[in-house]
Amino acid sequence: MADFPTTARVVIIGGGVVGTSTLYHLAKAGWTDCVLLEKNELTAGSTWHAAGNCPNFSSSWAVMNMQRYGLEIYRTLADDVDYPMNYHVTGAIRLAHSKERMQEFERVAGMGRYQGLEMQMCTPDELKEFNPFMETHDLAGGLWDPLDGDIDPAQLTQALAKGARDAGGRIERFCPVIGLDRDGDEWIVKTEKGEIRAEYVANCAGYYAQRVGEMFKPFGGRTVPMVVMSHQYFLTEEIPELAEWTKEKGHKMPMIRDVDISYYLRQDKNGLNLGPYERNCKAHWVTPDDPMPEDFSFQLYPDDLERLEFYIEDAMERVPALGTAGVGRNINGPIPYAPDGLPMIGPMPGVKNAFEAHSFTFGIAQGGGAGKTLAEWIMHGETEWDMWAVDPRRYTDHADHDYCLSKALETYGHEYAMHFPHHEWPAGRNKKLSPNHDRLVADGGQMGAYNGWERANWFAKDGDDTSEEATQTWDRNGPWEARIKEEVEAVRDGVGVIDMCGFSRYALKGAGAAEFLRTQITGALPKAGRMNLSYFADSRGRILTEVSMIRHGEDDFTIMTAAVAQWHDFELLASCAPEGVELTDLSKEVTTMLVTGPKSRDLFADISDADLSLGWLTHQSATVAGVPVVMARVSFVGELGWEVHAPTDQAAKVYEAIRDAGATPFGMYALNSMRLEKSYRTWKGDLSTDYTMFEGGLDRFVRLDKPQDFPGKAALQAEKQQGSKKRFVTMLVEAGDQDSPYMSTVWNGDDVVGETTSGAWGYRINASIALGVVRNDLAAPGTELEVEMYGKRYKAVVQADQPLWDPENERLRA
């Protein structure tokens, strides 16, 4: 084939809406030497049978950003690329059966307003005005989004493909990828038509992404953590009443989503389209007797309407017109699910110059933003918005097939679920257990999953309500609150211990290790025998990650980071470590316990041979209960304390000795409360690439005068000269029954001036705390602002740039 491309800058595998959107965004940005390969015809996978619903609504800030952007470009795409499309911006209503659902809607509407989306809270009567076909007598209210609607998925994909071709992109249809190889830094993509040498490869293969992912395993890849689910929706025959209303109004009926029951209902031509997400859902191609076919292009599963009976009956009661028409056609097609129901977009874990964008449950709505995001990853190695919520590296080795299947079934069956702050989903648990797990559970530990590791969130006592139902509230008050207070007070007045299994931990050593780190971090290295916090920035000076840097010798370091950052931060270091510098992941070999409180020194005097006079931010080798450990003089709760780093296989003996010596166990909720009182930041909450180092209030960790260059140095120098537009603040909030969730809007009068990044009640200071970022001119201590939570605004006062608890750090350094 003489005209077959033999070289390309980027090869995209998969010709659905996401692959074509990626090619479109690359070509529009000037990367025209890019090729998309599709094994069949464009749209042959999930795209062709997708319902094409286009919501802005999402409880994830990143996903809402992505959907908002996509829907914006769809509204002008037909004209932009000169390709006609059926895009109906009908508006949509979401129904609420409870106060808690109305609170969720208020929260999302607040996020939407910040992003320029006007969503309207509605009474049942107001809902009826938008859609007269439904019954509203049993509703608490609802939410109206005027920019919601539906689009023809095939036309959308063809429009993106035309735009990509017009801008210089190349598409090869009926061209399956049959293998991959490497030649130096180049990929060799093997197809039935020939080979293509490429700099980058992107897996956009939809429900075939796991199979395509197998080709990357010889080059460091992993089994892609996803499952293919069966999603059904059915179309009714024409409903005369609906046809007459549409003709009179000149537009389609607004979509209905009954999220508490779990279905959407929208007009399709002059009939209705009902799509449930049923609890008794079904996965396909997950057992040996149901293998994935080589090619399932433009095919469907057999109808299975019995699974939908409850939802059909409920929908007919909600919209009686639904029951007046017969079923015209049923669609039962494959749809990929990641364990949390969010897509995977970004660098492929473990594989150089490979990316992925797949596992979209709402691929049509998210395709536009996904293409933009993946194109940015490929071109720049970073994205405009922080996209950790969809980063493939959020799953590590706990995401095996059992985990993916159980989570996919749970997530699909709870597609519209509310994600309450104290609720833990039960599926896919106990993948990684602390050596102290049995003791924690015996002590009443109510466990939560952190990168697959089970940690205690709080410790229940006899008679406490530990049911899942008790956690289904946005309120601070619950059976946990009294226990959190007790745990905090035990740490404040005596000594507590928290099992922090799962910390990500790497050994970095070898000639030149120190100089390598100086060229990567924004600040200074600790001296041998000491430790500090160190920060990595991206090229824009934005916060990429925070690590604890423990220095043993000139070129000998232990680097610790968040549990969930394990693969992200390992790759950050491994991708640029010079020859001779060795990086080893020790996350499973060593575990951590934090022992902290004013009596912690007395405790260790009885069970350890450590030098307890060494000061803050020192570390030493010692023994606890005869076990060799490293003790680091640091505490994330702001009290006198030590992190005890013990070999995992001997850690239970250490923990038993600490408990027997009188330490009270405390959990992650108490830890969170106390770290907020110290204004300590958390990874991908307060610390993200949405903020620069200076905007994040991390000035003291930036050394612009050091001789080494580091990523973001030039950008931070420019920001230092010009001044920052935003600033990190700690606020005390005159809150009601809830505390500030992530990305709550901060107001100054009628102006949106910032957002919260985390919040909780501080039990040592007896107040509600919010960390956040606000306009620079409003960051002065004493400034009165308002924080919006679940539809209400609460007075918030900016505090001095110091801890709320023990501002001079006297207790910490005692």
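The rules behind each value
- Residues numbered from 1 in each chain as written.
- Predicted model: local features only at pLDDT ≥ 70, side-chain atom pairs only at ≥ 80, totals over all residues.
- Heavy atoms only, no water.
- Buried < 20%, exposed > 50% of the residue type's maximum accessible area, 1.4 Å probe, protein only.
- Helix = DSSP H or I, 4+ residues; strand = E, 2+ residues; numbered from the N terminus.
- Pairing = 2+ DSSP bridges.
- Phe/Tyr/Trp six-rings, centres within 6.5 Å; stacked < 30°, edge-to-face > 60°.
- Patch = residues over 30% accessible without salt bridge, like charges linked within 9 Å, V, L, I, M, F, W, Y side chains within 5 Å.
- Areas by Shrake-Rupley, 256 points an atom, 1.4 Å probe, with all protein chains shown as cover.
- Salt bridge = Lys/Arg side-chain N within 4 Å of Asp/Glu carboxyl O.
- Lys, Arg positive; Asp, Glu negative; His and termini not counted.
- Charge placed at Lys NZ, Arg CZ, Asp CG, Glu CD.
- Axes fitted to C-alpha atoms, helices over the stretch in contact; angles between N-to-C directions.
- Parallel < 35°, antiparallel > 145°, perpendicular 65-115°, else oblique.
- Contact = heavy atoms within 4.5 Å.
- Left-handed = near helix turned anticlockwise from the far one by under 90°.
- Nonpolar A, V, L, I, M, F, W, Y, C, P; charged D, E, K, R; others polar.

Structural notes on the pairing of strand E14 (residues 263–268)
Looking along a regular strand, one sees side chains alternate from face to face of the sheet.
So, step 1. Of all 6 residues making up E14, 5 are buried, and the element is well covered by its neighbours.
So, step 2. Where strand E13 (residues 255–258) and E14 come together, 3 bridges link them in antiparallel fashion. Looking at the pairing, Asp-258 lines up with Tyr-263 of E14.
So, step 3. Hairpin connection of E13 to E14: 4 residues between the antiparallel strands, including Ser-262 at a positive phi of 100°.
So, step 4. Of the pairings in the sheet, the one linking E14 to strand E15 (residues 271–276) comprises 6 bridges and is antiparallel in character. Of the residues in E15, the one forming a bridge with Leu-265 is Leu-274.
So, step 5. Counting the residues that bridge the hairpin from E14 to E15 gives 2 residues, and of these Lys-269 lies at a positive phi of roughly 55°.

Notes on the packing of aromatic side chains
So, step 1. This structure, assessed with the given rule, holds 29 aromatic pairs.
So, step 2. Their ring planes at 35° and their centres at 5.4 Å tell us that Phe-296 and Tyr-301 sit as a pair that is tilted. As far as the burial class goes, Phe-296 and Tyr-301 line up, both buried.
So, step 3. Members of the aromatic cluster, connected to one another through ring pairs, are Tyr-264, Tyr-277, Tyr-337, Phe-362, Tyr-412 and Tyr-416.

Some details on a negative patch on the surface
So, step 1. On the surface, a cluster of negative charge is contributed by Glu-306, Glu-309, Glu-313 and Glu-317.
So, step 2. Tracing the sequence through the fold places Glu-313 in helix H8 (residues 309–318).
So, step 3. By relative accessible area, which is 46% here, Glu-313 ends up partly exposed.

What to know about the packing of helix H2 (residues 61–81) against helix H9 (residues 363–380)
So, step 1. Following both chains from N to C, one finds H2 and H9 inclined at 100°, their axes separated by 7 Å at the closest point. With respect to their mutual orientation, H2 and H9 come out roughly perpendicular. Side by side, H2 and H9 meet where Val-63, Met-66, Gln-67, Tyr-69, Gly-70, Leu-71, Ile-73 and Tyr-74 of the first sit next to Ile-364, Ala-365, Gln-366, Gly-367, Gly-368, Gly-369, Ala-370, Lys-372 and Thr-373 of the second.

A short note on the pairing of strand E22 (residues 496–499)
So, step 1. Alternating positions in E22 separate into two faces, Gly-496 and Ile-498 on one and Val-497 and Asp-499 on the other, with burial throughout.
So, step 2. Both E22 and strand E28 (residues 590–596) contribute to a ladder of 4 bridges, which runs antiparallel. Each residue of the ladder has a partner; that of Val-497, found in E28, is Val-595.
So, step 3. In the sheet, E22 pairs with strand E32 (residues 664–665) via 2 bridges, with the strands oriented parallel. Counted as the bridge partner of Val-497 is Pro-665 from E32.

A word on the sheet that holds strand E33 (residues 726–733)
So, step 1. Within the closed barrel, the 6 strands sit side by side as E33-E36-E35-E34-E37-E38. Their pairing is antiparallel. Going across the sheet, the axis of each strand differs from the next one's by a mean of 40°, ignoring polarity.
So, step 2. As defined by bridge partners, strand E34 (residues 745–748) adjoins strand E35 (residues 751–762) across 4 bridges and the pair is classed as antiparallel. Each residue of the ladder has a partner; that of Thr-745, found in E35, is Glu-755.
So, step 3. This element, helix H17 (residues 668–677), spans E35 and strand E36 (767–775) of the sheet and lies at about 125° to E35.

Let's talk about the packing of helix H1 (residues 17–28) against helix H5 (residues 153–166)
So, step 1. Between H1 and H5, the least distance of the axes is 8 Å, while the angle of their chain directions is 25°. As far as their axial angle goes, H5 and H1 are roughly parallel. In terms of crossing hand, the pair formed by H1 and H5 is left-handed. Side by side, H1 and H5 meet where Val-17, Thr-20, Ser-21, Leu-23, Tyr-24 and Ala-27 of the first sit next to Leu-156, Thr-157, Leu-160, Ala-161, Gly-163 and Ala-164 of the second.
So, step 2. Partitioning the contact of H1 with H5 into residue classes produces 8 nonpolar, 4 polar and no charged.

Everything listed here is a matter of geometry and, on its own, says nothing about what the molecule does.
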